[in-house]
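Structure assessment
Spelled out from the first residue to the last, the chains are:
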Amino acid sequence: MIRAKALSALLAAAGIALPAAGEELRASLQREITGALRYDAKMALPPEARVHVEARGAFGTLLGETTFTTEGRQVPIPFAVEVPAKLSGDLRAVVRLKGRPRWIVEDVPFPGGAADAEVGEIALKPVTPLAFATHFDCGGTPVAFGVLDDRAVMRVRDRDIPMKKAAADTGDRYVAADDSKAELIRKEGEVTVALGGEALPACTETEPDRTVLYRAQGRDPDWSVVIREAEIDITAPYADLSRRVPRPEVEVTAGAYHFDMPGIGTRLTLHDEICHGAESGLPHPHQAGLDIGERILPGCGGDPASLLTGGVWHVRQAMEEPAVGDSDPTIAFDPDGRAGGRTGCNVYGGSYEINAEGVHFGQMVSTMMACPDPLMQQERRILDAIEKARRFDIDATGALVLTGGGDVLLRARRE
């Protein structure tokens with residue numbers, strides 16, 4: 001596929017002046033995601049500092065990237081990344097000093113659509129040793145250990161323990177920099193870990209779970225596709241097809257991902273558009289089409305929960321009332337089934353679950369600070385809306401809509 005800018009350059013070299021058509025063509029194939037990177041530390045960047053920004057879509061597909069030196073510019077540092085049109089995704093950025101990563105940010109969502117998008121200022125965080133950790137399984141206890149310059153951190157049982165290098169007869173030995181009595185020893189390819197002075201079972205190095213598990217399915221006729229890290233399972237009773245094949249490279253075009261499997265005469269296309277399941281009515285991130293022979297079977301693809309996670313939703317309306325002034329109430333969802341945010345007065349949080357029936361929230365617990373009456377009333381409306389919500393959707397404008405009993409209870413937008 002010829003990139004739109006490359007095609008424009010070819011036309012210009014040939015003396016063909018089609019500025020309006022060229023811009024229209026570019027808009028149909030590519031667009032720009034722009035923004036700026038900043039950090040809060042009072043530290044000037046040297047001219048040779050290098051910035052790398054990349055945009056990734058579904059399946060970790062690289063949609064676009066850019067690398068440049070700051071050349072004396074200080075934060076906020078503007079950037080622009082060209083990506084295929086009509087695809088949403090996430091941004092990742094790294095700032096390197098003398099070749100070493102110093103600042104990083106990941107999982108910054110950008111919307112789909114054909115128009116260029118501005119994501120605003122993005123806050124970078126200092127790189128920690130765990131960004132480059134080695135992972136171990138110590139008798140069923142996962143352990144991560146990372147070293148960066150003269151800093152070391154060990155993560156075990158949801159705790160990050162700062163470590164320091166200690167004297168050892170052979171190999172490498174690290175001990176806790178605090179009073180936790182943790183220790184890690186690497187010797188002749190073997191790793192042993194102790195916590196509180198008690199050794200864990202023998203450790204074996206593991207890879208973090210990067211399995212891509214994605215499901216697309218359709219009804220009338222029934223079919224399903226499960227995409228794993230290295231394989232694809234296809235079941236289509238209509239065509240008497242039930243096969244497991246090696247996963248092909250994903251092909252990206254404007255607005256869609258394609259998995260072409262000519263060996264079995266099948267092609268899966270996933271359009272980056274909201275799709276509602278025929279049975280549950282839950283929204284899915286992709287419109288799916290399974291091309292078998294001369295027939296394309298429609299369906300939906302992706303996890304409905306992925307539409308909620310990744311970023312903060314700003315509540316614009318709760319129980320038919322708009323948000324109060326600049327109070328900016330929020331709600332956010334994490335992949336582990338926790339939801340929470342700010343009501344404009346207090347901070348709240350609790351559990352949520354998505355199943356075939358819709359969405360269900362557990363009891364929300366909040367702090368108990370007293371606020372002016374309008375904010376207290378808003379808090380009650382937001383918590384009531386969450387308690388009564390039974391379904392969710394993403395409307396045509398990209399807004400999150402929580403409903404219950406046929407009534408719209410809450411509207412929120414990512415910004």
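Everything that follows concerns the structure shown earlier in this document.
Residues numbered from 1 in each chain as written. Predicted model: local features only at pLDDT ≥ 70, side-chain atom pairs only at ≥ 80, totals over all residues. Heavy atoms only, no water.

Hydrogen bonds between backbone groups are what pair the strands of a sheet, and the pairing can be parallel or antiparallel. Within the open sheet, the three strands sit side by side as β4-β1-β7. Their pairing is mixed. Across the chains shown, the open sheet's two edge strands, defined by having one partner strand only, are β4 (77–84) and β7 (117–123). The mean inter-strand angle of the sheet, taken between neighbouring strand axes irrespective of direction, is 25°. As paired strands, strand β1 (residues 30–38) and β7 are joined by five bridges and run parallel to one another. In the strand pairing of β7, L37 is matched with I122. (Pairing = 2+ DSSP bridges. Helix = DSSP H or I, 4+ residues; strand = E, 2+ residues; numbered from the N terminus. Axes fitted to C-alpha atoms, helices over the stretch in contact; angles between N-to-C directions.)

When the terminal C-alpha atoms of helix α3 (residues 373–388) are compared, their 23 Å separation across 16 residues agrees well with the 22 Å that a helix rising 1.5 Å per residue should span. For α3, the set of buried residues is L375, Q378, E379, R381, I382, L383, A385 and I386. (Expected span 1.5 Å × (residues − 1). Buried < 20%, exposed > 50% of the residue type's maximum accessible area, 1.4 Å probe, protein only.)

All chains considered together, the criterion is met by eight aromatic pairs. Aromatic side chains F59 and F259 sit 5.0 Å apart centroid to centroid with 85° between the ring planes, which places their arrangement in the edge-to-face category. Of this pair, F59 sits in the loop between β2 (50–56) and β3 (62–69) while F259 sits in strand β23 (residues 256–261), placing them 200 residues apart in sequence. Across the pair, F259 and F59 agree in class, each one buried. Measuring from ring centre to ring centre gives 6.5 Å for Y352 and F361, while their planes differ by 40°; the resulting arrangement is tilted. Of the two residues examined, Y352 and F361, each falls in the buried class. The ring of Y238 is capped by R295, whose NZ or CZ atom sits 4.5 Å from the centre of that ring. (Phe/Tyr/Trp six-rings, centres within 6.5 Å; stacked < 30°, edge-to-face > 60°. Lys NZ or Arg CZ within 6 Å of the ring centre and 35° of its normal.)

The next point concerns the pattern of salt bridges. Side-chain pairing between opposite charges can occur once the charged atoms of the two side chains come close. Scanning the model with the defined rule gives 17 salt bridges in all. With a shortest N-O distance of 3.1 Å, E106 and R92 are connected by a salt bridge. Of this pair, E106 sits in strand β6 (residues 100–110) while R92 is found in strand β5 (residues 89–97), placing the two residues 14 residues apart along the sequence. A salt bridge links R342 to D328; its shortest N-O distance comes to 3.3 Å. Here R342, found in strand β32 (residues 338–342), pairs with D328, found in the loop between β30 (321–322) and β31 (330–333); they are 14 residues apart in sequence, far enough to count as distant. Residue R342 is classed as partly exposed on the basis of its relative accessible area of 39%. What emerges from the salt-bridge pattern is a single network uniting R228, E231, D233 and R244. (Salt bridge = Lys/Arg side-chain N within 4 Å of Asp/Glu carboxyl O.)

Time to look at the side chain of T70. In this fold, T70 is placed in the loop between β3 and β4. Looking at T70, the relative accessible area reads 0%, which means it is buried.

As a further point, take the environment of I33. Among the secondary structure elements, I33 is positioned in strand β1. Given the relative accessible area of 0%, I33 is considered buried. Distance from I33 to P111, taken between C-alpha atoms, is 9.3 Å for residues 78 residues apart in sequence. I33 has contacts with F79, A80, V81, V83, L91, F110, A117 and V119, leaving out every residue within four places of it along the chain. (Contact = heavy atoms within 4.5 Å.)

Strand order across the open sheet formed by nine strands is β21-β20-β19-β18-β28-β27-β24-β23-β22, with antiparallel pairing between neighbours. On the outer flanks of this sheet lie β21 (241–246) and β22 (251–253), each paired with one strand and no other. Across the sheet, the mean angle from the axis of one strand to that of its neighbour is 20°, orientation sign disregarded. Relative to strand β19 (residues 223–227), strand β18 (residues 214–218) runs antiparallel, the two sharing five bridges. Paired with A216 across the two strands is V225, which belongs to β19.

Turning our attention to the state of the cysteines. Taken as a whole, this structure holds three disulfides when the rule is applied. The disulfide partner of C138 is C203, and the S-S distance across this bridge is 2.0 Å. Here the S-S torsion is close to 105°, and the disulfide linking C138 with C203 is therefore right-handed. Residue C138 is found in strand β9 (residues 134–138), and its partner C203 is found in strand β17 (residues 203–206); the two are separated by 65 residues along the sequence. C203 matches C138 in its accessibility class, with the two residues each being buried. Linked covalently through their sulfurs, C345 and C371 form a disulfide whose S-S length is 2.0 Å. The sign of the 90° torsion about the S-S bond sets the C345-C371 disulfide as right-handed. On the criterion of sequence distance, the pair formed by C345 in the loop between β32 and β33 (347–355) and C371 in the loop between β35 (365–366) and α3 is long-range, its members being 26 residues apart. By relative accessible area, C345 is classed as buried at 11%. The cystine pairing of the chain, numbering bonded cysteines in sequence order, is 1-2, 3-4, 5-6. (Disulfide = S-S within 2.5 Å.)

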